[in-house]
Each structure stands twice: as C-alpha cells, then as structure tokens.
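Analysis of the macromolecular model
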Amino acid sequence: VAESMIRKYGLSDTSSILDVGCGKGFLLYELKKLLPGAKVRGVDVSVYGIENSKEEIRSCLSLGNANQLSFADNSFDFVYTITTLHNLYNYDLKSAIEEIQRVSRKHSYIAVESYRNEREKANLLYWQLTCQSFFSVEEWVWLFKEYGYAGDYEFIFFE
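So, about the pattern of salt bridges. In this structure the tally under the stated criterion is 6 salt bridges. A salt bridge links R102 to D73; its shortest N-O distance comes to 2.8 Å. Of this pair, R102 sits in helix 5 (residues 90-103) while D73 sits in the loop between strand 3 (61-63) and strand 4 (76-82), and the two are 29 residues apart along the sequence. On the accessibility criterion, R102 (23% relative accessible area) is partly exposed. Across the pair R105 and D77 runs a salt bridge, and its minimum N-O distance is 2.9 Å.

Further remarks concern the state of the cysteines. According to the stated counting rule, one finds 0 disulfides in the structure shown. Free cysteine: C22, not disulfide-bonded; nearest cysteine sulfur from C60 at 10.0 Å. Note on C22: relative accessible area 8%, which makes it buried. Overall, the relative accessible area of 16% leaves C60 in the buried class.

What counts, and where the lines are drawn
Residues numbered from 1 in each chain as written. Predicted model: local features only at pLDDT ≥ 70, side-chain atom pairs only at ≥ 80, totals over all residues. Heavy atoms only, no water. Salt bridge = Lys/Arg side-chain N within 4 Å of Asp/Glu carboxyl O. Helix = DSSP H or I, 4+ residues; strand = E, 2+ residues; numbered from the N terminus. Buried < 20%, exposed > 50% of the residue type's maximum accessible area, 1.4 Å probe, protein only. Disulfide = S-S within 2.5 Å.

In structure tokens form, the structure reads like this:
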C-alpha cells in the first residue's frame, strides 16, 4: 500500500504526509521506511493505539479528532484517512472532510465503507461495531461534493 501511495501521489523524501485515524501508525511506519526524509504525522482518538505503536514512529503520532485537526492550512502534501470516517456521527463528518481538505496542499485520499445493494448493506450492518455513519456510494459522493472535498476517494464493500 505504501509503495502504491508513493507512486500514485509522487511522494518523496521531502514530502509531508498526514494519516487521519492512524491507529498504531503502521502505514506511516511503512511510508517512513521507504521515504526516510519525509515528514510524517498521524492523528487518532485512541490512546491505546498511540501508546502501542511502533517505537520508531510513536513521536510522530498524537491524540486528536478528525473533525478538528491542529495543523495550519495547506500543511501536508498528502493527507489520507482509511476506514476512519465511519466512526463519526453525521454531524462530525462535514467538519472532518473539510479539515482533510483544509490541511492538504496537494493530494488527499479517503477510503470509506459503503454498499451498492441491500446484501452489502446488511453485511455492513453486521460488521459495523463502531460504525456511526455509513452510506451508499451515491450518498458518499454527494457528501464529498456538498462538503467541498476535491481529493480522491475509494469505497470498501462487504460482498
């Protein structure tokens, strides 16, 4: 995944990268191994995740919420969030998506769980332990446009 991101977004040793909802920071760790000079940061609501992250990356991780990022406008060349936004209530989604857009100066990527039919919707409902927000593909696309998100996005389906 890290190699694909580097290729797709033209990341280099001089890039700045933010993972919103980083958990234990495993993907940031991989990015940092491949791009030792890159500035990487991760934000997560889980104290446990950060405290149990790899020691090599821990100093780059901090507690924080997706809907209120503590970084200046246009701080990062690449901002991504993978399977995090579903944890937010609907009223926090708008600010989270706007925050991702705000702190990104070049590229951003959002991966969210979604469904295309009733079977996938039912499977998502069975899986969704912490899921507060989930939508059909069409609804997610509408939300992204409505909230001014101009980056890349992708969907994960439970077939």
